[in-house]
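So you can see what is in the structure, the chains are spelled out below.
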Amino acid sequence: MPRKLRLKRKKRQRKQLRLKEIQKQHQKKEKKDKKDEKIEELTDRVTRQMAEFDNFRKRSEKEKSQMYEIGAKDIIEKILPVVDNFERGLGSVPEEEKNAPFVEGMEKIYKQLMTTLESVGVKPIEAVGQEFNPDFHNAVMHVEDDELGENIIAEEFQKGYMYRESVVRHSMVKVAN
């Protein structure tokens, strides 16, 4: 065989060997890529599951907090008529009997009840002399009074109360026009 032919053959064989090596390396990369893809997929799944669980936890805490707020407002709504009755009862005591031990005891109980309500975040809504605000007041009467300005509350029939930042009961008021 002539020398040129042998050299060509050897070159061809070397090229084929290099090509086979490249193909083997490429196949190895493909196998690694499949593993890497699976790892990425599983990592993504875990990350999503963790985020989903974190959102669930936050949502549960928020719902729990809201349930507490609803329960507290419900109890406060049931206590407010007792406060009203205390105020009416203490307001109806004649002046000469205000120093009686029974009346003083009732005043102390009333003050203790109001202090306790204030400590949990219940406070009365200011009404008389304030501008009428439908978010806090419920107008049940209108009166013409030149001394008072437009939409100023002249009289309060029933006290309104707020629990933290929300209205538990609107004030029932008479508004001047």
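In case you missed it, the structure is sitting above this.
Because the structure is predicted, anything quoted here is derived from the model rather than measured.

### Notes on the nonpolar core
Side chains that are nonpolar tend, in soluble globular proteins, to be buried together. In terms of nonpolar packing, the biggest core is built from 15 residues, with Ile-76, Val-83, Tyr-110, Met-114, Val-122, Tyr-161 and Tyr-163 touching the most fellow members. Where this core is concerned, the elements lending two or more residues are helix H1 (3–91), helix H2 (101–119) and strand E4 (161–163). Top contributing element to this core by residue count: H1, with six residues. Among residues more than four places away in sequence, those in contact with Val-83 are Tyr-110, Leu-113, Met-114, Leu-117 and Tyr-161.

### What about the pairing of strand E6 (residues 171–176)?
Among the six residues of E6, five are classified as buried, and the element is accordingly described as predominantly covered. Of the strand pairs in this sheet, strand E2 (residues 137–143) and E6 are connected by six bridges, and their pairing is parallel. For Val-143, the partnering residue across the bridge sits in E6 and is Ala-176. Relative to E6, strand E3 (residues 152–158) runs antiparallel, the two sharing five bridges. Opposite Ile-153, over in E6, you have Val-175 as the bridge partner.

### Considerations on a positive patch on the surface
A cluster of basic residues, Arg-3, Arg-6, Lys-10, Lys-11, Arg-14, Lys-15 and Arg-18, forms a positive patch on the protein surface. Here Arg-6 lies in helix H1. On the basis of relative accessibility, which here comes to 45%, the residue Arg-6 falls in the partly exposed class.

Conventions we followed
Residues numbered from 1 in each chain as written. Predicted model: local features only at pLDDT ≥ 70, side-chain atom pairs only at ≥ 80, totals over all residues. Heavy atoms only, no water. Core = buried A, V, L, I, M, F, W, Y, C linked by side-chain atoms within 4.5 Å. Buried < 20%, exposed > 50% of the residue type's maximum accessible area, 1.4 Å probe, protein only. Helix = DSSP H or I, 4+ residues; strand = E, 2+ residues; numbered from the N terminus. Contact = heavy atoms within 4.5 Å. Pairing = 2+ DSSP bridges. Patch = residues over 30% accessible without salt bridge, like charges linked within 9 Å, V, L, I, M, F, W, Y side chains within 5 Å. Areas by Shrake-Rupley, 256 points an atom, 1.4 Å probe, with all protein chains shown as cover. Salt bridge = Lys/Arg side-chain N within 4 Å of Asp/Glu carboxyl O. Lys, Arg positive; Asp, Glu negative; His and termini not counted. Charge placed at Lys NZ, Arg CZ, Asp CG, Glu CD.

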